[in-house]
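Single-letter residue listing:
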Amino acid sequence: MPVPAVELQVGERTVRVTSPDKVYFPEVGITKLNMIEYVVAVGDGIFAALRDRPVTMERWPGGYRPDVKLSTRSDSHGDAFYQKRAPSKGVPDWVETVTITFPSGRTADEVCATELATVVWMANLGTLRYHPWPSRRPDTEKVDQLRIDLDPQPGTDFHDAARAAQELRSVLQDAGLVGFPKTSGGRGVHVFVPVEPAYGFIEARHAVIALGRELSRRMPDHVTISWWKEERGQRIFVDFNQMARDRTIASAYSIRPTPTAVVSAPLTWEELADAEPEDFTVRSMPSRFAAVGDAWANFYGLEPRSLDGALEMYARDERELGTGKYGGAEMPYPPDYPKMPGEPARVQPSRMTAATRENEGLD
């Protein structure tokens, strides 16, 4: 017989948890209610990461199993899926939304986390990973966080990404910026940087390109910003397109769909070198949080910095590398984006033919 729904008091709200006994992570016996209790246990941290931001929900309504497939842009047949638009039914009147604009120019109303109860409500929908925009509802067109994704390529691992992150810290300092690291929940490292909300998405992406390019100059055998996989080799890829409009990175404390329910863990720089991502899970993180609190507590109180130093790096690259359709400082956008000003060809080098060169306007 199904266990009836339970009600949780979260702040001033009562959140109804349906199917609380549904097993979400069979290998470690974590139920839906356990998952939601985790969200509450790290509530101050996860709410700080999502507060006043549009949030795309990565929903796994049946829980995680190895055979469950996540829908993508190219294949929408998965049982798990990304939900960008707020649900049309069943939304409590206290759950707020905010309008965002996609690269196509279309708009959508996304859930906006204005209180912890909203995060718990999203968890009840089966949300494991929360993908917040790097902007807030007062002006969703102005970026207030850089998110730098250090993505290990085949032959590299988390510790290689952590090593790159330490050098990235120096690059950021040279640009007048301060970064905060976290585990991705997998093999990668994410570095978030608070910035003044005075820049648009193109400027923010250019800043990440410039910072990544400078990092690759300092660690050429270890780091790459090449968009084309065939050119990356066994290096850490700085995924600059995660900073493009409507591309988001999972928030701190998000749960990765893995057998042991690993979470994205905020760390101090001192912790990063010896960290093991698999140590941070739904089971282990509440005790860490109770003992030491949010490792990123200073992040949210830090005075945001200007992007001018990073944008000057980009301007320097334009002077040195040039601009225009033959390449230069600008880099390719994701394939589903409209063609952007100054963008080089989106055809990987090994597939460049006379016909593709003509189609790209390179002849």
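Residues numbered from 1 in each chain as written. Predicted model: local features only at pLDDT ≥ 70, side-chain atom pairs only at ≥ 80, totals over all residues. Heavy atoms only, no water.

Some words on the packing of aromatic side chains
Counted by the stated rule, this structure contains 13 aromatic pairs. Ring centres of Phe-25 and Tyr-64 lie 6.1 Å apart, and the angle between their planes is 25°; on these two criteria the pair is classed as stacked. Here Phe-25 is found in strand β3 (residues 23-25), whereas its partner Tyr-64 is found in the loop between β5 (54-59) and β6 (81-83), with 39 residues between them in sequence. Taking the relative accessible area as the measure of exposure, Tyr-64 reaches 11% and is therefore buried. The rings of Phe-180, Phe-192, Trp-296, Phe-299 and Tyr-300 are connected pair by pair, giving a single aromatic cluster. One residue, Arg-205, lies across the ring of Tyr-333, its end atom 3.5 Å from the ring centre. One residue, Arg-232, lies across the ring of Phe-237, its end atom 3.7 Å from the ring centre. (Phe/Tyr/Trp six-rings, centres within 6.5 Å; stacked < 30°, edge-to-face > 60°. Helix = DSSP H or I, 4+ residues; strand = E, 2+ residues; numbered from the N terminus. Buried < 20%, exposed > 50% of the residue type's maximum accessible area, 1.4 Å probe, protein only. Lys NZ or Arg CZ within 6 Å of the ring centre and 35° of its normal.)

Some thoughts on the packing of helix α5 (residues 201-218) against helix α9 (residues 308-321)
At their nearest, the axes of α5 and α9 sit 8 Å apart, and the two run at 70° to each other. Relative to α9, α5 is oriented roughly perpendicular. Across from Glu-203, His-206, Ala-207, Ile-209, Ala-210, Leu-211, Arg-213, Glu-214 and Arg-217 in α5, the residues of α9 making contact are Ala-310, Leu-311, Met-313, Tyr-314, Arg-316, Asp-317, Glu-320 and Leu-321. Taken together, the residues of the contact of α5 with α9 sort by class into 9 nonpolar, 1 polar and 7 charged. (Axes fitted to C-alpha atoms, helices over the stretch in contact; angles between N-to-C directions. Parallel < 35°, antiparallel > 145°, perpendicular 65-115°, else oblique. Contact = heavy atoms within 4.5 Å. Nonpolar A, V, L, I, M, F, W, Y, C, P; charged D, E, K, R; others polar.)

So, the sheet that holds strand β10 (residues 143-152)
In spatial order, the strands read β11-β12-β10-β14-β13; together these 5 strands make up an open sheet with mixed pairing. On the outer flanks of this sheet lie β11 (180-183) and β13 (223-224), each paired with one strand and no other. As judged from the 7 bridges shared by β10 and strand β12 (residues 189-199), these two strands associate in the antiparallel manner. By the bridge assignment for β12, Ile-148 is matched with Val-191. Along the sheet face, helix α4 (residues 158-174) touches β10, β11, β12, β13 and β14 (236-238) and points at about 30° away from the line of β12. (Pairing = 2+ DSSP bridges.)

Overview of unusual backbone geometry
The phi torsion at Ser-19 lies on the positive side, around 45°, for a residue other than glycine. With respect to the secondary-structure elements, Ser-19 resides in the loop between β2 (13-17) and β3. By relative accessible area, Ser-19 is classed as partly exposed at 33%. Unusually for a residue other than glycine, Asp-246 sits at a positive phi of about 65°. Residue placement: Asp-246 occurs in the loop between β14 and α6 (269-272).

Regarding the pairing of strand β1 (residues 6-10)
Bridge count between β1 and β2: 5 bridges; the pairing is antiparallel. Looking at β2, one finds that Leu-8 is bridged to Val-15. The turn joining β1 and β2, which pair antiparallel and follow one another in sequence, is formed by 2 residues; a positive phi near 60° is taken by Gly-11.

Quick look at the environment of Ala-175
Of note, Ala-175 is situated in the loop between α4 and β11. Along the backbone, Ala-175 and Met-313 are 138 residues apart, and their C-alpha atoms lie at a distance of 8.1 Å. If sequence neighbours within four positions are ignored, Ala-175 has contacts with Leu-211, Gly-309, Ala-310 and Met-313.

Considering helix α7 (residues 285-292)
Three or more residues of α7 are buried, namely Met-285, Arg-288 and Phe-289. Burial along α7 is one-sided: seen end-on, the buried residues are contained in an arc of 100°. Exposed residues pointing more than 90 degrees away from the buried face of α7 are listed as Ala-290 and Ala-291. Contacts from the buried residues of α7 go to α1 (32-41), α2 (43-50) and α6. Just downstream of α7, Gly-293 is the residue with a positive phi angle, here 75°. (Arc of directions from axis to C-beta.)

A look at the side chain of His-222
Of note, His-222 is situated in the loop between α5 and β13. Among the polar contacts made by the side chain of His-222, one reaches the main-chain carbonyl oxygen of Asp-160 at a distance of 2.8 Å. A polar contact of 3.3 Å, which involves the side chain of His-222, links it to the side chain of Arg-163. In contact with His-222, other than residues within four places in its own chain, are Asp-160, Arg-163, Ala-164, Arg-235 and Ile-236. (Polar contact = N/O pair within 3.5 Å; in protein donor to acceptor, adjacent residues only side chain to side chain.)

What about the pattern of salt bridges?
Counting across every chain of the model gives 24 salt bridges. As a salt-bridge pair, Arg-137 and Asp-52 come within 3.7 Å of each other at their nearest N and O atoms. With Arg-137 in the loop between β9 (127-132) and β10 and Asp-52 in the loop between α2 and β5, the pair connects residues that are 85 residues apart, well separated along the chain. A relative accessible area of 35% places Arg-137 in the partly exposed class. The class for Asp-52 is buried, based on a relative accessible area of 19%. A salt bridge links Glu-214 to Arg-217; the nearest nitrogen and oxygen atoms lie 3.2 Å apart. Placement of the pair is Glu-214 and Arg-217 together in helix α5, with a separation of 3 residues, close to one helical turn. (Salt bridge = Lys/Arg side-chain N within 4 Å of Asp/Glu carboxyl O.)

The analysis is restricted to geometry; functional conclusions fall outside its scope.
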